[in-house]
Amino acid sequence: MLTILQLPVLNDNYIYLLHDPVSGETAVVDPAVTQPVLDVLKQKGWQLTTILNTHHHADHVGGNLALKQKTGCTVIAPLSDQNRIPGIDRGVVDGDVIMLGKHTAKVISTPGHTSGHVVYYFADDNTLFCGDTLFVMGCGRLFEGTAEQMWHSLQKLKALPASTRIYCAHEYTQANGRFSLTVEPDNRQLQQRMELINQLRAKHLPTVPSTIEQELATNPFFREDSLALRETIKMVNKKPVEVFAEVRRLKDSF
Ligand code: ZN
Ligand code: FE
């Protein structure tokens, strides 16, 4: 089993530390900052071997250079972002496989939030690190991609096994859920989930990870086929990608 630690940093970022007790290898996903990662490594007695970046934004790569300098780890990041990922050693593309001990992760290209965004899918561990592509009840803003690109990217994630655990890079859940309720006010699962999430956040507890199954039931960016959603936003006869684009547009101005 892969040990996964979740570090809340900055306002709402999550850094993930992945440790394979068999090989002793340790990876960090999207190190926004350096010191909290070094502190955990020291406390656990782990040696950092790998940085995995999902995309080039500063709140995902901010710790790259200092961590690399202090630990000698290897930086793995999207090849197409090689000129804007600090310290990149290995550029990856869709379909590549990366290893952490005997654990393998498949690289899935998910452009939309940025043009080079990738996610890391550990199939045998039932675990997805999805950066800023998919959030709990939300998805990333379209900074460098089109709605069509993001929709295609999300289709790839929708097709993963329902039990896949979703580790996204931000705690945006409560705000996302408030928006989700405006486009699907009668979705019972969504209502119940929001009650739970409000309780968690009142205690400052994380709402991440989620699962693909939970997202299929409650995430409006996964629910372009829902008739209730389509009726609410008056897009009943539109194509799925058009419904998605409209939901994204509504969320941007929410
Ligand atoms: Zn980002
Ligand atoms: Fe981010």
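As the structure is a computational prediction, the values presented were derived from the model and not from experiment. (Residues numbered from 1 in each chain as written. Chains lettered and ligands numbered in written order. Predicted model: local features only at pLDDT ≥ 70, side-chain atom pairs only at ≥ 80, totals over all residues. Heavy atoms only, no water.)

Participant: Could you clarify how one ought to interpret the coordination of the iron ion (ligand 2) in this entry?
Facilitator: By definition of the ideal shapes, a tetrahedral metal site with four donors has angles of 109.5 degrees and an octahedral site with six donors has angles of 90 or 180 degrees. For the iron ion (ligand 2), the full set of protein donor atoms is D59 (OD), H60 (NE2), D132 (OD) and H170 (NE2), at a range of 2.0 to 2.4 Å. Coordination geometry of the iron ion (ligand 2): the four donor atoms subtend angles of 83 to 169° at the metal centre, consistent with an arrangement described as irregular. Taken in chain order, the donor set of the iron ion (ligand 2) reads D-H-x71-D-x37-H. Here the zinc ion (ligand 1) and the iron ion (ligand 2) are spaced 3.2 Å from one another, each receiving a donor from D132. Taken together, the positions of H60 in helix 2 (residues 58–61) and H170 in the loop between strand 13 (165–168) and helix 5 (173–183) put the pair 110 residues apart, joining distant regions of the chain. (Donors = N, O, S within 2.8 Å, 3.2 Å for Na, K, Ca; no water. Tetrahedral: all angles 85-135°; square planar, octahedral: opposite > 155°, others 65-115°. Helix = DSSP H or I, 4+ residues; strand = E, 2+ residues; numbered from the N terminus.)

Participant: Please clarify how the layout of surface pockets should be interpreted in this entry.
Facilitator: The method is simple in principle: a probe with the dimensions of a water molecule rolls over the atoms, and the space it marks as empty is what remains. In this structure, the largest pocket encloses a volume near 200 Å³. Contributing to the lining of the largest pocket are 15 residues, with F135, C139, G140, R141 and Y172 lying nearest its centre. Listing elements by their share of the lining of the largest pocket, those giving two or more residues are helix 5 and helix 9 (240–252). In the lining of the largest pocket, the residues fall into five nonpolar, five polar and five charged. Here the lining of the largest pocket gathers at least three residues from each of two domains, domain 1 (3–168) and domain 2 (174–207 + 216–252). (1 Å grid on protein atoms, 1.4 Å probe; cavity = no way out; pocket = protein on both sides within 12 Å on 5 of 7 lines; lining within 4 Å. Points joined across faces, edges and corners; volume = space filled by probe spheres on them. Nonpolar A, V, L, I, M, F, W, Y, C, P; charged D, E, K, R; others polar. Domains from an automatic or database assignment.)

Participant: What am I meant to see in the domain arrangement of the protein chain here?
Facilitator: Accessible area lost upon the coming together of the parts is a frequently used measure of interface size. Here the protein chain is described as being made up of domain 1 (3–168) and domain 2 (174–207 + 216–252). Listed by partner, the interface residues are 19 residues for domain 1 and 23 residues for domain 2. Carbon and sulfur atoms make up 65% of the surface buried where domain 1 meets domain 2, a total of about 1,800 Å² over both sides. Broken down residue by residue, the surface that domain 1 buries against domain 2 is led by M137, W151 and K158, which jointly contribute 44%. Summed over the shared surface of domain 1 and domain 2, the number is two salt bridges. Between R141 and D252 there is a salt bridge, with its nearest N and O atoms 3.3 Å apart. Where domain 1 packs against domain 2, one counts 11 residue pairs in polar contact (both at pLDDT 80 or more). Listed by contribution, the elements that provide at least two residues to the side of domain 1 that touches domain 2 are strand 11 (134–135), strand 12 (138–139) and helix 4 (147–158). (Contact = heavy atoms within 4.5 Å. Buried area = accessible area lost by both parts, 1.4 Å probe. Salt bridge = Lys/Arg side-chain N within 4 Å of Asp/Glu carboxyl O. Polar contact = N/O pair within 3.5 Å; in protein donor to acceptor, adjacent residues only side chain to side chain.)

Participant: Honestly, unusual backbone geometry in this entry has me stumped. Any pointers?
Facilitator: Negative phi characterises most residues that are not glycine, and trans characterises most peptide bonds. A cis amide bond links V208 to the next residue, P209, at an omega of 5°. Position of P209 relative to the elements: it lies in the loop between helix 6 (188–202) and strand 14 (210–211). One non-glycine residue, D30, lies in the positive phi region at around 50°. Relative to the helices and strands, D30 is located in the loop between strand 3 (25–29) and helix 1 (35–44). When its relative accessible area of 2% is taken as the criterion, D30 is described as buried. (Buried < 20%, exposed > 50% of the residue type's maximum accessible area, 1.4 Å probe, protein only.)

Participant: Can you help me understand helix 5 in this one?
Facilitator: Residues lying three or four places apart along an α-helix face the same way, a consequence of the helix completing one turn every 3.6 residues. Among the residues making up helix 5, those that are buried are T173, N176, G177, F179, S180 and V183. Looking down the long axis of helix 5, one finds its buried residues gathered within 165° of arc, a one-sided arrangement. Buried residues along helix 5 sit in contact with strand 11, strand 12, helix 6, helix 7 (212–218), helix 8 (227–232) and helix 9. (Arc of directions from axis to C-beta.)

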